[in-house]
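Chain and residue survey
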Amino acid sequence: MATTPNDYDVIVIGAGFAGMYAVYKFRALGFRVLAYEKGDDVGGVWYWNRYPGARCDCESYYYSYSFSKELQDEWDWSLHYSEQPEILSYLSHVADRFALRPHIQFGTAVQSATFDEAAGNWKVRTSCGDTVTTRFIVSAAGCLSEVQKPDIPGLDSFSGDVFYTAAWPKGGVDFMGKRVGVIGTGASGVQAIPRIAKQAQHLTVFQRTANWVIPVWNAPMKTEFVEWVKSHYDQIRQNCLNSGGGVPFEVSHTRARDVTPEERQKILEKAWTVGGTRFFAQSFSDLLSDQEANDAAAQFVASYIRSIVKDPETAKLLTPIDHPIGTKRPPMDDDYYATFNRPNVSLVDIRRAPITSIEGRTLRTAERSYELDALVLATGFDAITGPLMAIDIRGKGDMRLKDKWSAGAKSYLGLCTAGFPNLFMVTGPLSPSVLANMPTAIEQHVDWIGDCLTYLRAHNLQTIEASEDAEAKWVVHTADVAQGTLYPKANSWYLGSNIPGKPRQFGVYLGGFSNYRERCNDVASRGYEGFRLELAA
Ligand code: NA7
């Protein structure tokens with residue numbers, strides 16, 4: 001294999017949380033790095049998802065970078081759960097503070113990447129017509145960046161305004177006096193609906209599947225809490241690394257089946273007053289593995305819905321019937337259920353009477369028609385594998401990633417895939433990704449990749465590639481772990497079932513973040529066990 005001079009050592013795809021840290025890290029390690037970013041600034045999901053009410057469902061004090069003590073000491077979050085504008089300004093601040101923008105080419109999508117076996121490098125082609133060579137590619141394309149356009153007859157002919165929550169106009173949207181329809185009641189729809197309802201003349205929510213919505217009881221952070229966090233950051237970050245979900249708080253060790261119904265109720269009430277993901281983590285340890293535990297939590301939330309929503313029929317329709325609580329990504333919002341008590345909001349069951357067509361300003365369902373001035377699509381993403389499969393990536397023997405993954409993603413540790421040397425994925429398919437705190441998972445991956453690149457350089461190694469054997473075992477292990485939980489009982493984007501024709505595969509490693517991290521470290525300490533390493537010529 002020849003070593004030819006490349007334009008770059010590392011091309012990074014994307015400049016969200018992951019791509020920005022990748023640029024920072026690889027530059028610090030002395031690699032020539034360039035990131036390509038579709039948007040015209042940093043931020044990734046926080047750049048695109050500007051819809052009203054967009055907010056993080058992890059708490060601000062740990063949904064942030066840990067790599068710089070100065071950064072975490074100087075930055076103040078205003079709310080316990082940050083809203084999109086504040087997260088985007090944090091990421092912009094990080095880009096300025098660490099002078100990352102000169103290493104990012106904005107307004108540029110990676111269109112293809114082809115591995116040249118003779119040269120041992122990648123050729124990357126972009127939407128701007130650039131073609132560059134690089135030794136390594138690090139995908140930081142994210143898990144939720146490939147927007148799903150629903151297949152609704154006549155959608156393109158709608159004569160009102162159409163807005164995707166995942167590609168929201170920068171200047172915002174004024175819904176005052178408008179008849180607005182929202183399709184989609186996942187996390188994005190659930191956050192947008194209460195805000196849009198406050199403006200619209202009338203809001204019609206088209207619901208296919210009811211979701212379990214958990215309150216976060218969002219509030220400004222008190223000075224004492226901020227001071228406590230800042231003086232305990234080392235411990236907080238360490239706790240994140242040592243936890244199952246990349247989070248710093250205590251989790252419950254109580255199984256629902258070991259306590260009386262009265263005790264269960266008390267535990268659920270307490271966890272509910274804390275809210276957010278802690279409702280799950282701090283109630284029962286078996287909530288996502290034991291149907292009885294899950295049913296107890298579901299009944300608790302169902303009775304909450306009934307207590308808030310005044311119209312019993314609407315309350316019933318808002319109560320999920322088809323999946324265990326927590327097995328579809330639970331949306332988090334404080335005002336969602338009460339919004340359905342507003343006189344200008346109506347809920348339409350499009351499971352019973354699906355949308356049949358859109359024509360002009362008329363949306364028709366199997367039962368009746370609705371006149372709308374604006375349509376908001378909160379219909380989700382081709383998650384986890386979508387962003388990578390949207391790029392024409394070709395590895396050894398001209399193998400296309402799209403073909404390799406046509407029956408389901410195959411990866412080793414979610415970091416690499418066999419046949420595609422020197423290609424790394426940050427929070428890739430079959431890693432803990434979206435079921436861990438993302439910044440923690442991202443930093444762990446980027447640090448691991450940085451160590452790996454340094455190792456290759458120190459040992460004069462040209463390529464690293466996951467072995468088929470290690471990959472096959474990881475795929476089986478990931479599926480086995482998922483089977484031991486209730487997650488596969490739901491049709492969710494974790495399983496790809498929101499995309500017609502996508503193979504049903506649980507795309508996230510559920511074995512726990514800290515176990516996973518240990519495993520990655522063990523693999524590295526054994527000279528990258530399960531990978532093939534080849535010397536430079
Ligand atoms: P989600 O969670 O995938 O939600 C998409 C919603 O859109 C969901 O209610 C879907 O119903 C609905 N949907 C999708 N396609 C259609 C069509 N064709 N017709 C009607 N309804 C449809 O995406 P989000 O953006 O809300 O959240 C993604 C993640 O971002 C979130 O979990 C957070 O982690 C951040 P379905 O349930 O498929 O019946």
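The structure under discussion appears in the preceding block.
Residues numbered from 1 in each chain as written. Predicted model: local features only at pLDDT ≥ 70, side-chain atom pairs only at ≥ 80, totals over all residues. Heavy atoms only, no water.

1. Some remarks on the overall build of the chain
Looking only at helices and strands, the chain has 17 helices and 18 strands in total. A compact globule built from 537 residues should have a C-alpha radius of gyration of about 24 Å, and the chain, at 23 Å, falls within 12% of that. Oriented by its inertia axes, the alpha-carbon framework of the chain measures out at about 75 × 55 × 45 Å. Scored against the burial criterion, the 537 residues of the chain give a buried share of 57%. Of the contacts formed within the chain by residues at least 6 apart in sequence, a portion of 73% connects residues at least 24 apart. Summed over all atoms, the accessible surface of the chain reaches about 21,700 Å², with 50% contributed by carbon and sulfur. Side-chain charges in the chain split into 54 positive and 61 negative, and the spacing between the mean points of these groups amounts to 2 Å. (Helix = DSSP H or I, 4+ residues; strand = E, 2+ residues; numbered from the N terminus. Rg over C-alpha atoms; globule rule 2.2 N^0.38 Å. Buried < 20%, exposed > 50% of the residue type's maximum accessible area, 1.4 Å probe, protein only. Contact = heavy atoms within 4.5 Å. Areas by Shrake-Rupley, 256 points an atom, 1.4 Å probe, with all protein chains shown as cover. Lys, Arg positive; Asp, Glu negative; His and termini not counted. Charge placed at Lys NZ, Arg CZ, Asp CG, Glu CD.)

2. Some thoughts on the sheet that holds strand 13 (residues 369–371)
Strand order in the open sheet made by the three strands is 11-12-13, with antiparallel pairing throughout. Strands at the two margins of the open sheet, each flanked by one partner only, are strand 11 (355–359) and strand 13. Strand-to-strand twist across the sheet, computed as the mean angle between neighbouring axes with direction ignored, equals 20°. Two elements, strand 12 (residues 362–365) and strand 13, share three bridges in a ladder whose sense is antiparallel. Looking across to strand 13, one finds that threonine 362 is bridged to glutamate 371. (Pairing = 2+ DSSP bridges. Axes fitted to C-alpha atoms, helices over the stretch in contact; angles between N-to-C directions.)

3. Focus: the site of the ligand
Lining the immediate environment of the ligand, one finds 20 residues, of which Ser188, Arg208, Thr209, Lys328 and Arg329 sit closest. Looking at side-chain class alone, the shell around the ligand contains eight nonpolar, eight polar and four charged residues. (Near = heavy atom within 4 Å. Nonpolar A, V, L, I, M, F, W, Y, C, P; charged D, E, K, R; others polar.)

4. Notes on the environment of alanine 15
Relative to the helices and strands, alanine 15 resides in the loop between strand 1 (8–13) and helix 1 (17–28). Taking the relative accessible area as the measure of exposure, alanine 15 reaches 1% and is therefore buried. In the structure, alanine 15 is positioned 245 residues away from threonine 260 in sequence and 49 Å away in space, judged by C-alpha atoms. What alanine 15 contacts, discounting residues up to four positions off in sequence, is Met20, Glu37, Val42, Gly43, Gly44 and Ile104.

5. Looking at the nonpolar core
Of all hydrophobic cores here, the largest spans 83 residues; its most connected members are Phe26, Tyr65, Phe424 and Trp448. Filtering out sequence-adjacent residues up to four positions away, phenylalanine 424 remains in contact with Phe136, Ile137, Val138, Ser139, Leu415, Cys416, Trp448, Ile449, Cys452, Leu453 and Ile464. Within the second largest apolar cluster, 49 residues are counted, among which are Val190, Ala302, Leu347 and Val376. (Core = buried A, V, L, I, M, F, W, Y, C linked by side-chain atoms within 4.5 Å.)

6. Side note on the sheet that holds strand 14 (residues 374–377)
In space, the five strands of this open sheet follow the order 7-14-8-9-10, with parallel pairing throughout. Strands at the two margins of the open sheet, each flanked by one partner only, are strand 7 (161–164) and strand 10 (345–349). For this sheet the average axis-to-axis angle between neighbouring strands, irrespective of direction, equals 20°. Against the sheet, helix 5 (residues 187–197) touches strand 8 (179–183), strand 9 (202–207), strand 10 and strand 14, its axis set at about 160° to strand 9.

7. Quick look at the pairing of strand 12
Of the strand pairs in this sheet, strand 11 and strand 12 are connected by four bridges, and their pairing is antiparallel. Looking at the pairing, isoleucine 355 lines up with threonine 365 of strand 12. With antiparallel pairing between neighbouring strands as the criterion, strand 11 and strand 12 make up a hairpin whose turn holds two residues, including glycine 360 at a positive phi of roughly 60°. If you look at the hairpin formed by strand 12 and strand 13, you'll find three residues sitting between the two strands.

8. Let's talk about empty space enclosed by the protein
Under the definition given, this model contains three cavities of 30 Å³ or more. Approximately 120 Å³ is the volume attributed to the largest cavity. Lining the largest cavity are 15 residues, with Gln72, Trp75, Trp77, Lys230 and Tyr233 positioned closest to its centre. For the lining of the largest cavity, the secondary structure elements donating two or more residues are helix 3 (69–74), helix 6 (223–231) and helix 7 (233–241). Element by element, the count of residues in the lining of the largest cavity is highest for helix 6, at three residues. Of the residues assigned to the lining of the largest cavity, the class counts are ten nonpolar, two polar and three charged. Taken as a whole, the second largest cavity spans an internal volume of roughly 60 Å³. (1 Å grid on protein atoms, 1.4 Å probe; cavity = no way out; pocket = protein on both sides within 12 Å on 5 of 7 lines; lining within 4 Å. Points joined across faces, edges and corners; volume = space filled by probe spheres on them.)

9. Quick word on the layout of surface pockets
Gaps left between atoms show up when a probe the size of a water molecule is rolled over them. Approximately 330 Å³ is the volume found for the second largest pocket. Forming the boundary of the second largest pocket are 20 residues, of which Leu241, Glu443, Gln444, Asp447 and Arg517 lie nearest the centre. Taken together, the elements giving at least two residues each to the lining of the second largest pocket come down to helix 7, helix 15 (438–458) and helix 17 (513–525). Looking at which element gives the most residues to the lining of the second largest pocket, the answer is helix 15, with seven residues. Taken together, the residues of the lining of the second largest pocket sort by class into eight nonpolar, six polar and six charged.

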